[in-house]
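# Residue-level structure breakdown
The residues making up each chain are set out below.
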Amino acid sequence: HIWVIGNEVNLTDENHRWSGTAYNITWNPTPAEYAATYLACRDKIHEVTPNTNPATQIVLMQPTSPGNAEGGRFMDGNEFLARQIEAIANKSKIDGFCLHSYAGGGDELREDFLDSLREQLMVIDAYGLGDRPVYIGEWNHHMPNPTETQKGARFLHTALAALHAWNTGSGGQWPGLGNHNVVAATWFVYPSGFGWDDYSLQAKKSGGTQDTDPWQAFNYACGF
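None of these values were measured; they are calculated from a predicted model.

## Side note on the overall build of the chain
- For the chain, the count of helices and strands is five helices and seven strands.
- Listing the helices and strands of the chain from first to last along the sequence gives β-β-β-α-β-α-β-α-β-α-β-α.
- For the chain, whose C-alpha radius of gyration is 18 Å, the value lies close to the compact-globule estimate of 17 Å for 224 residues.
- Judged by the C-alpha coordinates and their principal axes, the chain covers about 50 × 50 × 40 Å.
- Taking all 224 residues of the chain together, 39% fall into the buried category.
- A fraction of 65% describes how many contacts in the chain between residues 6 or more apart in sequence connect residues 24 or more apart.
- Summed over its atoms, the accessible surface of the chain is roughly 11200 Å², and 51% of this surface lies on carbon and sulfur atoms.

Below you can see the structure in the form of structure tokens.
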């Protein structure tokens, strides 16, 4: 009953249109074109699933690829997010949001992750949508070697602890407003063998501690 319409639409080559025989025509949609697609899908989902259990369908706006208009992005992630929201005239039809946020390449992994998340939440809240559920659909750290794997393990459980503090805390981010709650955070990626092993919890499972082994760090955080 939770749906995400689209994925990182601001990435060049992420989207393809129907050619008549296959989806093989590259297409970089505008935020307004994405918003129209979101509304069409959202309205139809609500129309055809009125009797499901749970009855409430939550159709999330797509996560943009966070970052500037570089590295394959034809538009800045926060700009695309703002403009796709702005293109929805009836904001009550925005059920919620999926966001992506990642650790940076330096030593301040948790802070980079939280900064990116807060920036996106501020865009959403600027449109008066602080009550809409937010799901982090992807977050991770690149772990190509033992040093980065150890850093990733500590980042994983300290970032989840920081999200808990964010959700249970209040004030300080925006005067007079509570913190915008984050419903879920899904690490990318769990299983190994799919071409993403440098990010995979299963591939990095080593029998270490929560500060050295990302798999143990995940289980340690689940114990919170």
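## Remarks on the packing of helix α2 (residues 77-86) against helix α3 (residues 109-126)
- Orientation of α2 relative to α3, taken along the N-to-C sense of each, is 20°, at an axis distance of 10 Å. One finds that α2 runs roughly parallel with respect to α3. Classified by chirality, the crossing of α3 by α2 is right-handed. Of the residues in α3, those touching α2 at Asn78, Leu81, Ala82 and Ile85 are Glu119, Gln120, Val123 and Ile124.
- Within the contact of α2 with α3, the residues separate by chemical class into five nonpolar, two polar and one charged.

## Observations concerning the nonpolar core
- Within the largest apolar cluster, 41 residues are counted, with the highest numbers of intra-cluster contacts made by Ile85 and Phe97.
- For Phe97, the residues in contact, after removing those within four places along its chain, are Leu60, Met61, Leu81, Ile85, Ile124, Leu129, Arg132, Pro133, Val134 and Tyr135.

Thresholds applied
- Residues numbered from 1 in each chain as written.
- Predicted model: local features only at pLDDT ≥ 70, side-chain atom pairs only at ≥ 80, totals over all residues.
- Heavy atoms only, no water.
- Helix = DSSP H or I, 4+ residues; strand = E, 2+ residues; numbered from the N terminus.
- Rg over C-alpha atoms; globule rule 2.2 N^0.38 Å.
- Buried < 20%, exposed > 50% of the residue type's maximum accessible area, 1.4 Å probe, protein only.
- Contact = heavy atoms within 4.5 Å.
- Areas by Shrake-Rupley, 256 points an atom, 1.4 Å probe, with all protein chains shown as cover.
- Axes fitted to C-alpha atoms, helices over the stretch in contact; angles between N-to-C directions.
- Parallel < 35°, antiparallel > 145°, perpendicular 65-115°, else oblique.
- Left-handed = near helix turned anticlockwise from the far one by under 90°.
- Nonpolar A, V, L, I, M, F, W, Y, C, P; charged D, E, K, R; others polar.
- Core = buried A, V, L, I, M, F, W, Y, C linked by side-chain atoms within 4.5 Å.

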